Amino acid sequence: MESVMSVRAAAPRVSFRAAPSQTHRHVPKFPTSRCSIFIPRAPLAYRRGYIRAQQSESKDGSTTLSPVNESEGNALKIKEWEVENFQDEVAASQGIKIRRRPPTGPPLHYVGPFEFRIENEGNTPRNILEEIIWNKDKEVARMKERRPVYMLKKGLESAPPARDFVGALKASNLRTGLPGLIAEVKKASPSRGVLRENFDPVEIAQAYEKGGAACLSVLTDEKYFQCPLLCKEFIVDAWQIYYARIKGADAVLLIAAVLPDLDIRYMTKICKMLGLATLIEVHNEREMDRVLGIEGVELIGINNRDLETFEVDISNTKKLLEGKRGQMIREKDIIVVGESGLFTPDDIAYVQESGVRAVSCASSLT
Ligand SMILES: O=P(O)(O)OC[C@@H](O)[C@@H](O)c1c[nH]c2ccccc12
């Protein structure tokens with residue numbers, strides 16, 4: 001693997017396979033005054049992987065690389081930086097405040113407009129969600145280097161077949177007249193710390209199942225159970241979707257506060273191809289409207305917890321299901337999942353009256 005990455009000529013091919021989310025996409029031309037050149041994401045993925053491969057190799061000192069000459073390296077870094085600026089602008093135009101990675105500031109030899117050269121502030125995450133996403137970006141980059149997507153694809157055949165996540169929720173809702181329960185196996189949370197000492201995920205999952213959960217959700221992977229399984233992760237890259245599938249997930253979570261529309265569209269397509277359901281999570285009107293504008297959405301989660309501030313307010317579910325939005329959801333037969341902060345039967349009744357047909361609970365079950 002390392003040696004493959006180090007062969008310069010092979011780099012484009014390697015990273016094309018490693019980063020499908022950033023290759024086969026159509027990126028619309030976006031009007032921007034700050035970025036004069038338009039560079040699609042595919043070359044970025046290639047450059048990222050390529051530059052990273054070189055750096056890690058040289059640290060090991062184990063392999064000799066054909067070095068990129070300095071000016072070529074600088075040009076790549078400058079383009080990469082420009083594309084990152086551009087991507088942040090696209091996201092910001094959709095109301096997304098979360099930046100995918102820390103702003104790096106212009107590279108040393110950058111000779112562009114002055115405002116770019118002084119713009120290197122904000123290198124600390126602005127909130128907990130941003131911090132999580134920045135860490136996730138690094139973690140996924142490391143994992144992708146070890147196991148690029150083409151390797152994961154080989155594992156797809158031996159993965160247990162995907163179960164019908166949406167179907168299980170609908171069936172449970174019909175059978176009981178109550179929202180279908182997605183019971184979440186969660187050891188700890190950033191807001192509440194460790195929820196359960198002596199954490200045995202398998203035992204907990206089996207207890208949830210016996211207790212009548214329609215589906216399970218896990219904040220880790222590698223678990224196989226009877227109920228359809230939601231992989232609750234901070235997904236920033238399609239690589240994670242393949243990984244979740246080969247580990248036995250039947251559904252994945254996509255967070256609208258993190259992912260621009262194009263990513264959601266693209267990742268939803270990959271999920272369909274792999275037989276995975278997508279639970280698309282929103283927490284305000286703007287995100288809900290974006291998601292309602294995306295074709296083929298079956299499952300929307302309304303998070304009552306603002307992931308940027310941790311504030312929980314279950315009236316959020318009601319607010320987002322009122323009026324036209326609720327009507328559209330009913331017309332499209334979208335299943336809405338009420339997420340977070342649901343503790344009492346009254347809480348469940350309240351969100352059910354607001355229109356949810358499923359709920360996701362962790363804290364109240366532990
Ligand atoms: O522990 P609670 O309040 O019952 O919440 C469960 C679940 O909704 C929450 O864990 C969650 C909702 N959206 C997320 C996104 C990522 C991680 C976790 C979550």
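Residues numbered from 1 in each chain as written. Predicted model: local features only at pLDDT ≥ 70, side-chain atom pairs only at ≥ 80, totals over all residues.

**A closer look at the pairing of strand β4 (residues 215–218)**
Argument step 1. Along β4, one buried face is formed by Cys215 and Ser217 and the opposite face, lined by Leu216 and Val218, is buried too.
Argument step 2. The sheet contact formed by β4 and strand β5 (residues 229–231) spans three bridges and is parallel. Looking at β5, one finds that serine 217 is bridged to leucine 230. (Buried ≥ 20, exposed ≤ 12 C-beta atoms within 10 Å, placed from the backbone. Helix = DSSP H or I, 4+ residues; strand = E, 2+ residues; numbered from the N terminus. Pairing = 2+ DSSP bridges.)

**Digging into the nonpolar core**
Argument step 1. Core analysis: the biggest nonpolar cluster contains 78 residues, and Ile182, Cys215, Leu216, Leu230, Val252 and Val359 have the highest contact counts within it.
Argument step 2. In this view, valine 252 contacts Cys231, Glu233, Ile235, Ile241, Ala244, Cys271, Leu276 and Thr278; residues no more than four positions away in its chain are not counted. (Core = buried A, V, L, I, M, F, W, Y, C linked by C-beta atoms within 7 Å. Contact = placed C-beta atoms within 7 Å.)

**A few points about unusual backbone geometry**
Argument step 1. Positioned with a positive phi, phenylalanine 310 is a non-glycine residue whose angle comes to about 75°.
Argument step 2. On the secondary structure map, phenylalanine 310 appears in the loop between β8 (299–303) and α13 (315–321).
Argument step 3. With a phi angle near 75°, serine 340 is a residue other than glycine that sits in the positive phi range.
Argument step 4. Residue position: serine 340 is located in the loop between β9 (335–339) and α15 (345–354).
Argument step 5. The buried category is assigned to serine 340, around which 28 C-beta atoms lie within 10 Å.

**What to know about the domain arrangement of the chain**
Argument step 1. When its domains are assigned, the chain resolves into domain 1 (2–150) and domain 2 (159–365).
Argument step 2. Residue-level contacts link 21 residues of domain 1 with 22 residues of domain 2.
Argument step 3. Among the secondary structure elements, those contributing two or more residues to the side of domain 1 that touches domain 2 are α4 (70–93) and α6 (128–146).
Argument step 4. Broken down by class, the residue content of the side of domain 1 that touches domain 2 amounts to twelve nonpolar, four polar and five charged. (Domains from an automatic or database assignment. Nonpolar A, V, L, I, M, F, W, Y, C, P; charged D, E, K, R; others polar.)

**Observations regarding the pairing of strand β10 (residues 358–361)**
Argument step 1. Residues of β10 alternate between two faces, with Ala358 and Ser360 on one and Val359 and Cys361 on the opposite face, all of them buried.
Argument step 2. The pairing of strand β1 (residues 180–185) with β10 spans four bridges and is classified as parallel. Following the sheet pairing, isoleucine 182 is matched in β10 by serine 360.
Argument step 3. As paired strands, β9 and β10 are joined by three bridges and run parallel to one another. The residue bridging valine 337 from the neighbouring strand is alanine 358, located in β10.
Argument step 4. The parallel pair β9 and β10, bridged by α15, forms a crossover whose chirality is right-handed. (Right-handed = clockwise from strand over helix to strand, strands pointing away.)

**As for the site of the ligand**
Argument step 1. The environment of the ligand is formed by 14 residues, the closest being Glu339, Ser340, Ser360, Ala362 and Ser363.
Argument step 2. Looking at the shell around the ligand residue by residue, the classes come out as three nonpolar, six polar and five charged. (Near = placed C-beta within 6 Å.)

**Comments concerning the environment of glutamate 331**
Argument step 1. Turning to its location among the elements, glutamate 331 is positioned in helix α14 (residues 323–331).
Argument step 2. C-beta crowding within 10 Å serves as the criterion here: with 8 such atoms nearby, glutamate 331 is assigned to the exposed category.
Argument step 3. Glutamate 331 sits 197 residues away from tryptophan 134 along the chain, and the two C-alpha atoms are 37 Å apart.

**Some points on the environment of valine 218**
Argument step 1. With respect to the element layout, valine 218 can be found in strand β4.
Argument step 2. In this structure the C-alpha to C-alpha distance between valine 218 and isoleucine 182, which are 36 residues apart in sequence, comes to 9.8 Å.

**As for the packing of helix α10 (residues 238–246) against helix α11 (residues 261–274)**
Between two packed helices, both the angle of their axes relative to each other and the distance between the axes serve to describe the pair.
Argument step 1. At a closest axis distance of 10 Å, the pairing of α10 and α11 adopts a crossing angle of 20°. Considering the angle they form, α10 stands roughly parallel to α11. Judged by the twist between their axes, the crossing of α10 over α11 is right-handed. Between α10, through Ala238, Ile241 and Arg245, and α11, the contact on the second element is made entirely by Met267, Ile270, Cys271 and Leu274. (Axes fitted to C-alpha atoms, helices over the stretch in contact; angles between N-to-C directions. Parallel < 35°, antiparallel > 145°, perpendicular 65-115°, else oblique. Left-handed = near helix turned anticlockwise from the far one by under 90°.)

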